[in-house]
Amino acid sequence: MRKIQMVDLKGQYAAIKEQVDASIQEVIDTTAFINGPEVQGFQKELEAYLGVKHVIPCANGTDALQIAMMGLGLEPGDEIITADFTFAATVEVIALLRLTPVLVDVDPVNFNIDIAALEKAITPKTKAIVPVHLFGLAANMDEIMALAEKHNLYVIEDNAQGIGSKYTSKDGTKKMTGGIGHVGSTSFFPSKNLGCYGDGGAIFTNDDDLAHTIRGIVNHGMYVRYHHDVVGVNSRLDSIQAAVLRAKLPHLNSYNNARRNAARKYTAAFQGVDQIITPTGYCNAGNSICDTCDCHVFHQYTLRIINADRDALVKHLNENDIPCGVYYPIPLHAQKAYKDDRYNEADFTVTNQLVKEVISLPMHTELDDEQIAFITKTVIDFVTK
Ligand SMILES: *Cc1c(COP(=O)(O)O)cnc(C)c1O
């Protein structure tokens with residue numbers, strides 16, 4: 001059996017090596033390192049793929065979120081609601097901009113922002129909601145957009161883990177995540193579903209004025225050369241990274257299908273094991289593992305371990321050369337940087353439980369049946385012993 005990797009970037013590279021190498025060499029030969037044709041080309045191709053009017057490439061996914069918030073003209077003291085169970089970047093940029101983060105609990109089934117908790121957290125100061133399509137599963141955008149409309153709020157989608165996911169609305173229409181809210185962001189960190197070979201990110205919007213504002217913000221607040229109209233940042237996608245992304249984008253659907261196939265095999269093997277709750281879809285296409293829909297792109301394949309020792313399982317898997325991860329071990333509301341007296345533990349029962357139960361298994365495009373069989377057998381033998 002091949003050695004099991006949490007993420008297999010080498011195997012994926014081997015399959016597209018010729019094209020990636022040639023594209024990178026082309027950037028070096030032309031020395032168009034900054035904002036070269038590869039960046040513009042990638043931007044257009046990603047716009048077409050997502051069906052979104054504007055893609056604004058930038059330096060990483062954290063910048064993308066920050067710049068999206070800057071573009072909306074949010075002011076210090078404005079309250080921004082997001083999920084307690086996500087990567088810290090989401091709340092970090094809110095705090096960095098001196099906006100007020102309001103963390104709320106998540107849904108135990110889909111791990112995404114809980115709609116009732118979200119609604120309860122809305123105050124007259126609330127200006128935006130940041131849903132995260134956590135682990136690659138689309139958040140419940142119908143409900144979120146309806147609440148946003150009712151309360152006149154912006155929706156900023158953190159799509160760092162969800163690129164390529166299609167949300168199915170109640171009326172059956174499908175939309176790519178990231179282009180449903182007023183503005184969306186993603187990350188091209190190497191291990192993300194569409195990863196480059198360094199750092200990268202992008203902002204999405206269908207709003208022409210917002211796109212214009214954001215294009216200036218990423219470039220030192222300049223709309224006319226050397227005229228700085230607003231305080232901006234310097235956040236660019238390197239041409240070399242854009243070249244890698246252009247080579248990979250045409251494969252994104254097949255990469256996501258490979259992840260879904262691996263997820264189905266994992267889930268089939270875990271059926272009937274009482275100690276394991278497998279990840280479930282929550283989409284309006286209405287089935288559990290999304291056999292017929294594509295709302296989950298399995299950035300992570302995350303189990304809940306109940307009535308068994310999750311931490312001992314992590315140790316056991318590592319001893320058997322099976323990498324795994326705990327995303328995330330501490331709720332954001334309990335992190336030193338984001339503690340706030342206004343928070344009440346009773347409002348975070350789901351996150352507090354999930355951090356003790358979740359474990360993410362190896363998930364990437366190159367997993368084979370022998371590896372999946374070994375992983376599932378090792379997990380099941382341990383939790384049922
Ligand atoms: C990875 C990630 C980010 C940040 O992306 P970077 O490119 O690492 O800055 C933000 N939000 C979520 C949910 C992520 O998973």
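For clarity, every value in this text was computed on a predicted model and none was experimentally measured.

Visitor: Give me the packing of aromatic side chains: which residues, what numbers.
Guide: Within this structure, the stated rule accounts for 13 aromatic pairs. Relative to F188, the ring of F42 lies with its centre 5.4 Å away and its plane at 75°, an arrangement referred to as edge-to-face. Taken together, the positions of F42 in helix α2 (residues 37–50) and F188 in the loop between β8 (183–187) and β9 (201–205) put the pair 146 residues apart, joining distant regions of the chain. F188 matches F42 in its accessibility class, with the two residues each being buried. Aromatic side chains F85 and F111 sit 6.2 Å apart centroid to centroid with 70° between the ring planes, which places their arrangement in the edge-to-face category. Within this pair, whereas F85 is found in the loop between β2 (79–83) and α4 (89–96), its partner F111 is found in the loop between β3 (100–104) and α5 (115–121), the two being separated by 26 residues in sequence. Judged by its relative accessible area of 6%, F111 is buried. Put simply, the rings of F85, F87, F111, F135, Y327 and Y328 pair up and form one aromatic cluster.

Visitor: Summarise the site of the ligand; cite the residues concerned and give the values.
Guide: Taken together, 13 residues surround the ligand, and among them G61, T62, D158, S187 and K192 come closest. Within the side chain of D158, one N or O atom sits 2.8 Å away from a nitrogen atom of the ligand. Here the ligand loses 91% of its free accessible area of 380 Å² to cover by the protein chains. Counting atoms within 2 Å of the grid points, the majority share of the ligand lands in the largest pocket. Elements with a contribution of two residues or more to the shell around the ligand: α3 (61–71) and α4. In terms of residue class, the shell around the ligand is built from four nonpolar, seven polar and two charged.

Visitor: Which residues make up the sheet that holds β3, and what values go with them?
Guide: Remark on secondary structure: sheet strands pair via backbone hydrogen bonds, oriented parallel or antiparallel. Taken in spatial order, the seven strands line up as β1-β9-β8-β5-β4-β2-β3 in an open sheet, and their pairing is mixed. With partners counted over all chains shown, the strands left at the sheet margins are β1 (54–58) and β3, one partner each. Each strand axis lies, on average, 25° off the axis of its neighbour in the sheet, ignoring direction. Of the strands in this sheet, β1 and β9 are in contact with α2, which crosses β1 at around 135°. Sheet strands touched by helix α7 (residues 208–217): β1, β8 and β9. Its angle to β1, the strand with the most contacts, is close to 15°.

Visitor: Could you give an account of the sheet that holds strand β13 (residues 301–305), with specific residues and numbers?
Guide: Strands sit in the order β12-β13-β14 across an open sheet of three strands; the sheet is antiparallel. Of all the strands in the sheet, just β12 (276–277) and β14 (358–361) have a single pairing partner and so form its edges. The strands touched by helix α9 (residues 252–270) are β12, β13 and β14; relative to β13, the strand with the most contacts, the crossing angle is about 20°. On top of the sheet, helix α11 (residues 349–357) reaches β13 and β14; it is set at about 50° to β14, its chief contact.

Visitor: Would you mind going over a nonpolar patch on the surface in detail, with residue names and values included?
Guide: On the surface, a cluster of nonpolar side chains totalling about 260 Å² of accessible area is made up of I28, F33 and I34. Note on placement: I28 falls in helix α1 (residues 9–30). Here I28 falls in the partly exposed class, since its relative accessible area comes to 37%.

The rules behind each value
Residues numbered from 1 in each chain as written. Predicted model: local features only at pLDDT ≥ 70, side-chain atom pairs only at ≥ 80, totals over all residues. Heavy atoms only, no water. Phe/Tyr/Trp six-rings, centres within 6.5 Å; stacked < 30°, edge-to-face > 60°. Helix = DSSP H or I, 4+ residues; strand = E, 2+ residues; numbered from the N terminus. Buried < 20%, exposed > 50% of the residue type's maximum accessible area, 1.4 Å probe, protein only. Near = heavy atom within 4 Å. Polar contact = N/O pair within 3.5 Å; in protein donor to acceptor, adjacent residues only side chain to side chain. Areas by Shrake-Rupley, 256 points an atom, 1.4 Å probe, with all protein chains shown as cover. 1 Å grid on protein atoms, 1.4 Å probe; cavity = no way out; pocket = protein on both sides within 12 Å on 5 of 7 lines; lining within 4 Å. Sits in = over half its atoms within 2 Å of the grid points. Nonpolar A, V, L, I, M, F, W, Y, C, P; charged D, E, K, R; others polar. Pairing = 2+ DSSP bridges. Axes fitted to C-alpha atoms, helices over the stretch in contact; angles between N-to-C directions. Contact = heavy atoms within 4.5 Å. Patch = residues over 30% accessible without salt bridge, like charges linked within 9 Å, V, L, I, M, F, W, Y side chains within 5 Å. Salt bridge = Lys/Arg side-chain N within 4 Å of Asp/Glu carboxyl O.

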